[in-house]
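So you can see what is in the structure, the chains are spelled out below.
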Amino acid sequence: MTNQGNVVAAEHKFASKSEADLIKAVQNGDKQAYNTLYSQYIGQVYGLCYRLTGEKTLAEDAAQEVFIQLWRKIGNFRGQSKFSTWLHTVTSNVTISYIRRQKGWLQKMFNIEDSAAMNEEAEGSSASVDLESYVVRLPERARIVFVLHAIEGYRHEEIAAMTDMAVGSSKSQFHRAKQLLKEWMSNE
């Protein structure tokens, strides 16, 4: 009973702590606090990773990479912004870096074409398709810019800095994404 009682007591303890206390515990190396933080934010992190990568397995891997980096870099969080805002930035940066490391340019092109072909087959079998299914079909750079600007609310200057592209390129990729989405949606 004592071991089980400690687990229950620990869960109760973290449930009553404020987020600041929880983050401080993680910064001090508390693995149970880290698990609690992970549980609270994995859905949000995975969602952004998926919107950026457009692929379930890449998103799962990128989300895990985010939490590895979170454990390593939690000491950099100073509380000058909301933790969720800081984590969102970390997630975006880690995911973009992860995409770059995982795939070469040529492989990306083949994956995009294969993914688009698979989505077209899937669309033939279902009458209603949501926006997210279109977004994952976008070419990688256009998808990343579209997600960061239209969905996550980043400015083109911020996107340019995060992705190492010119501000004009970010705007151009966003325009391209919008045009492709309009075209695909009007053909449905």
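Residues numbered from 1 in each chain as written. Predicted model: local features only at pLDDT ≥ 70, side-chain atom pairs only at ≥ 80, totals over all residues. Heavy atoms only, no water.

Digging into the overall build of the protein
Then, number 1: Check the secondary structure of the protein and you find ten helices and zero strands.
Then, number 2: Out of the 188 residues in the protein, the part that is buried amounts to 40%.
Then, number 3: Sequence-distant contacts in the protein: of pairs separated by 6 or more residues, those separated by 24 or more amount to 61%.
Then, number 4: For the protein, the accessible surface area stands at approximately 10,900 Å², while carbon and sulfur atoms represent 51% of it. (Helix = DSSP H or I, 4+ residues; strand = E, 2+ residues; numbered from the N terminus. Buried < 20%, exposed > 50% of the residue type's maximum accessible area, 1.4 Å probe, protein only. Contact = heavy atoms within 4.5 Å. Areas by Shrake-Rupley, 256 points an atom, 1.4 Å probe, with all protein chains shown as cover.)

Some details on the packing of aromatic side chains
Then, number 1: According to the stated counting rule, one finds eight aromatic pairs in the structure shown.
Then, number 2: Summarising the aromatic geometry, the rings of phenylalanine 77 and tryptophan 86 are spaced 5.4 Å apart at their centres and angled 55 degrees between planes, so their arrangement reads as tilted.
Then, number 3: Looking at phenylalanine 77, the relative accessible area reads 9%, which means it is buried.
Then, number 4: Among the aromatic residues, those joined into a cluster by ring pairs are Tyr41, Phe77, Phe83 and Trp86.
Then, number 5: The lysine or arginine in question, arginine 137, covers the ring of tryptophan 184, its NZ or CZ lying 4.1 Å from the ring centre. (Phe/Tyr/Trp six-rings, centres within 6.5 Å; stacked < 30°, edge-to-face > 60°. Lys NZ or Arg CZ within 6 Å of the ring centre and 35° of its normal.)

Notes on helix H8 (residues 140-151)
Then, number 1: Over its twelve residues, H8 runs 15 Å from end to end, which matches the ideal 16 Å to within 8%, given 1.5 Å per residue.
Then, number 2: Among the residues making up H8, those that are buried are Glu140, Ala142, Arg143, Ile144, Val145, Phe146, Val147 and Leu148.
Then, number 3: Looking one or two residues beyond H8, the residue adopting positive phi is glycine 153, at roughly 85 degrees. (Expected span 1.5 Å × (residues − 1).)

Remarks on the environment of isoleucine 96
Then, number 1: Looking at the element boundaries, isoleucine 96 is found in helix H5 (residues 83-102).
Then, number 2: Given a relative accessible area of 4%, isoleucine 96 falls into the buried group.
Then, number 3: Sequence-wise, isoleucine 96 and cysteine 49 are 47 residues apart; in three dimensions their C-alpha atoms are separated by 8.9 Å.
Then, number 4: Ignoring any residue separated from it by four or fewer positions in sequence, one finds isoleucine 96 in contact with Ile144, Leu148, Met162 and Thr163.

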